Amino acid sequence: VNFTASDYTQGGSNLNFDWDFQDGGMSTDQNPSHQFENEGTYVVEVEFVEISTGCLGTNTRTVNVQAFPEAGFTAGDSLPIFCAPANATFIDTTVSNATHSRVWDFGNGFSAVSSQPSTAYSTSGDYTVEMIATTSYGCADTATVVYSVIAPAGSFTIDIDTICRGEEITFTLQDTSQVYDFI
């Protein structure tokens, strides 16, 4: 946080400054910067003394400090794998002392803002799901998980496609993969 104070009085005299940031931090700079390490409400006080007369004055301002959220989410079980076609539901598990909003990007062209959104994955592939949690002060954090959407796949051929009742036909699997090949 940057603080600014004037360096003169109406009579043209210069001032000395003593800042108290109410978190143990102090400064004698005219325009100090200060970093608050903990969330909370701080009543920052500046005491100024006119150099030529010794006259004293004070001023205060309230600074509200909010912590960053710790963004997080889950979907289904603990494995980042879905079987296609999948309708996945995500649950916001963000840790925050303040209320927060969220913006989801599901990696499939869809997005949402609710705390427990769902989306569909119709084709196999890797999808990067991102959720940005933002507090009312604009403090934000991002959680990202890559989910693999998988499905058994394959095709087959037949040696003939017309037969008479009682005749045999041969089916041959081609290009087959199993789900456990991806896990």
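Residues numbered from 1 in each chain as written. Predicted model: local features only at pLDDT ≥ 70, side-chain atom pairs only at ≥ 80, totals over all residues. Heavy atoms only, no water.

Caption draft 1: The overall build of the protein chain, seen in detail. Within the protein chain, the secondary structure is distributed over 0 helices and 14 strands. Along the protein chain, from the amino end to the carboxyl end, the secondary structure elements read β-β-β-β-β-β-β-β-β-β-β-β-β-β. For the protein chain, buried positions account for 29% of its 183 residues. For the protein chain, long-range pairs separated by at least 24 residues make up 48% of all intrachain contacts whose partners lie at least 6 apart in sequence. With an accessible surface of roughly 11,900 Å², the protein chain has 49% of that area assigned to carbon and sulfur atoms. (Helix = DSSP H or I, 4+ residues; strand = E, 2+ residues; numbered from the N terminus. Buried < 20%, exposed > 50% of the residue type's maximum accessible area, 1.4 Å probe, protein only. Contact = heavy atoms within 4.5 Å. Areas by Shrake-Rupley, 256 points an atom, 1.4 Å probe, with all protein chains shown as cover.)

Caption draft 2: Geometry of unusual backbone geometry. Going from A84 to P85, the amide bond is cis rather than trans, its omega being -10 degrees. Position of P85 among the secondary structure elements: in the loop between β6 (81-83) and β7 (86-92). In the Ramachandran plot, Q22 falls in the positive-phi region, its phi being about 65 degrees despite a non-glycine side chain. Locating Q22 in the fold gives a position in the loop between β1 (15-20) and β2 (26-27).

Caption draft 3: The nonpolar core, seen in detail. F73, F82, F90, W104, Y121 and V129 are the most contacted members of the largest nonpolar core, which has 20 residues in total. Listing elements by their share of this core, those giving two or more residues are β5 (73-75), β7, β11 (125-135) and β12 (140-150). Looking at this core element by element, the count peaks at 4 residues for β11. Beyond its immediate sequence surroundings of up to four residues, F73 is in contact with F90, I91, D92, T93, W104, V129, M131, A143, T144, V145 and Y147. (Core = buried A, V, L, I, M, F, W, Y, C linked by side-chain atoms within 4.5 Å.)

Caption draft 4: Spotlight on the packing of aromatic side chains. Taken as a whole, this structure holds 14 aromatic pairs when the rule is applied. Ring plane angle 20 degrees and centroid distance 5.1 Å describe the contact between F82 and Y147, whose orientation is recorded as stacked. Of this pair, F82 sits in strand β6 while Y147 is found in strand β12, placing the two residues 65 residues apart along the sequence. Pairwise contacts between aromatic rings join F73, F82, F90, W104, F106, Y121, Y127 and Y147 into one cluster. (Phe/Tyr/Trp six-rings, centres within 6.5 Å; stacked < 30°, edge-to-face > 60°.)

Caption draft 5: Main features of the pairing of β1. A one-sided burial pattern is seen for β1, the buried positions being L15, F17 and W19 and the unburied ones N16, D18 and D20. Where β1 and strand β3 (residues 40-50) come together, 6 bridges link them in antiparallel fashion. Opposite D18, over in β3, you have E47 as the bridge partner. One ladder, built from 2 bridges, connects β1 with β2; its direction is antiparallel. Paired with D20 across the bridge in β2 is M26. Between β1 and β2, which pair antiparallel one after the other, the connecting turn spans 5 residues, and Q22 there sits at a positive phi close to 65 degrees. (Pairing = 2+ DSSP bridges.)

Caption draft 6: Region of interest: the sheet that holds strand β4 (residues 56-65). Strand order in the open sheet formed by 4 strands is β2-β1-β3-β4, and the pairing between neighbours is antiparallel. Strands with a single pairing partner mark the edges of an open sheet, and in this sheet they are β2 and β4.

Caption draft 7: Representation of the side chain of D92 within the structure. Secondary-structure assignment places D92 in strand β7. Of the polar contacts made by the side chain of D92, one reaches the side chain of T94; its length is 2.5 Å. Of the polar contacts made by the side chain of D92, one reaches the side chain of R102; its length is 2.7 Å. Apart from the residues lying within four places of it in its own chain, the contact partners of D92 are G72, F73, H100, R102, W104, S115 and M131. (Polar contact = N/O pair within 3.5 Å; in protein donor to acceptor, adjacent residues only side chain to side chain.)

Caption draft 8: Spatial organisation of the pairing of strand β8 (residues 100-105). Across 6 bridges, β8 lies against β11 in antiparallel orientation. Bridge assignment links D105 to a residue of β11, and that residue is E130. Two strands pair when backbone bridges link them, and β8 and strand β9 (residues 111-112) are joined in this way by 2 bridges, in the antiparallel orientation. Looking across to β9, one finds that W104 is bridged to A112.

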